[in-house]
Amino acid sequence: MINLKSPTEIESVRVAGRIAAGTLDFLASKIKPGVTTEKLDSLGHEYILEHGGTPSSLGYRGFPKSMCISINDEVVHGIPGKRRINEGDIVKVDVTVYKDGFHGDTARTFMVGQVPPKARDLVEVTRRSLELGIEVVQEGARLGDVGAAIQEYVESNGYSVVRSFVGHGIGRNFHEDPQVPHYGRRGTGLRLKEGMVFTIEPMINEGHWEVKVLGDGWTAVTKDGKLSAQFEHTLAVTGNGADILTL
């Protein structure tokens, strides 16, 4: 069941979303060669608490850390630990904040130092694919329109869209209906209504779209060992298009 949000509820999601976005802004200068992902998680955790929120990921279905940090061929749900970031890595940081009863969720891919041209192109295509998905969000559009906009652009650039993980509704719960695939056909799928709040978070692979989950039960990696990038925003459907709540 999809819970349409009132303007007051949407503003509450925005408050949480801005803390999440602020966490990524804060961490941007900390993501450099030699730092461990565990250190980044600790710094982000403290930032969230200092700004009146709590990390939604910590303890969620047993997840042991406050955010997901995934490097290079890690697609999503990487668990922060002793791994050190290296020059040329692409680092995905996914942060969800809970504040005053509502969640806000956002992610970015950071490029560390001199990144190879192919990796840089993948990151830029992924970032643009999110923008194109957001651009078609409006009352009366369909979820298939969103997925198609992303898939068509990504595949025209020689990359692939991960199918195993999708965007999701969000609000009082971390994950709600609807599911938001980043692939699809125009004119198909659920019709968008004003008051819907959900994430769009394309995970784009350099090679094939298939992924596998490692033995930790969380970290998903590309099956072919090639790179993956991700960007994410939480947004609300309005009569004037998408209202991005994680700026």
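Residues numbered from 1 in each chain as written. Predicted model: local features only at pLDDT ≥ 70, side-chain atom pairs only at ≥ 80, totals over all residues. Heavy atoms only, no water.

Quick look at the nonpolar core
In globular proteins that are soluble, nonpolar side chains generally tend to be buried together.
For step 1, the next point in the chain: Membership of the largest hydrophobic core comes to 27 residues, with the highest contact counts inside it found for Ile-90, Leu-122, Val-137, Val-154, Leu-192, Phe-198 and Ile-200.
For step 2, the next point in the chain: Listed by contribution, the elements that provide at least two residues to this core are helix H3 (117–135), helix H4 (143–156), strand S9 (197–200) and strand S14 (233–238).
For step 3, the next point in the chain: Take this core: its biggest share by element is 6 residues, from H3.
For step 4, the next point in the chain: Ranked by size, the runner-up nonpolar core spans 19 residues in total, among them Leu-24, Leu-40, Val-97 and Val-112. (Core = buried A, V, L, I, M, F, W, Y, C linked by side-chain atoms within 4.5 Å. Buried < 20%, exposed > 50% of the residue type's maximum accessible area, 1.4 Å probe, protein only. Helix = DSSP H or I, 4+ residues; strand = E, 2+ residues; numbered from the N terminus.)

Things to note about the packing of aromatic side chains
For step 1, the next point in the chain: Considering all chains together, one arrives at 3 aromatic pairs under this definition.
For step 2, the next point in the chain: Measuring from centroid to centroid gives 5.2 Å for Phe-26 and Tyr-47, while their planes differ by 20°, and the two rings are stacked. A residue pair is termed long-range when its members are at least 10 positions apart, and Phe-26 in helix H1 (residues 7–28) and Tyr-47 in helix H2 (residues 37–50) qualify at 21 residues.
For step 3, the next point in the chain: Accessibility expressed as a relative area gives 15% for Tyr-47, which makes it buried.
For step 4, the next point in the chain: Their ring planes at 50° and their centres at 4.7 Å tell us that Tyr-60 and Phe-174 sit as a pair that is tilted. With a gap of 114 residues between them, Tyr-60 in the loop between strand S1 (54–55) and strand S2 (68–71) and Phe-174 in the loop between strand S7 (167–169) and strand S8 (176–180) connect regions that are remote in the sequence.
For step 5, the next point in the chain: Residue placement shows Arg-163 over the ring face of Tyr-183; its charged tip is 4.6 Å from the ring centre.
For step 6, the next point in the chain: For the cation-ring pair, Arg-163 lies above Trp-209, with the distance from its terminal atom to the ring centre recorded as 5.2 Å. (Phe/Tyr/Trp six-rings, centres within 6.5 Å; stacked < 30°, edge-to-face > 60°. Lys NZ or Arg CZ within 6 Å of the ring centre and 35° of its normal.)

Everything listed here is a matter of geometry and, on its own, says nothing about what the molecule does.
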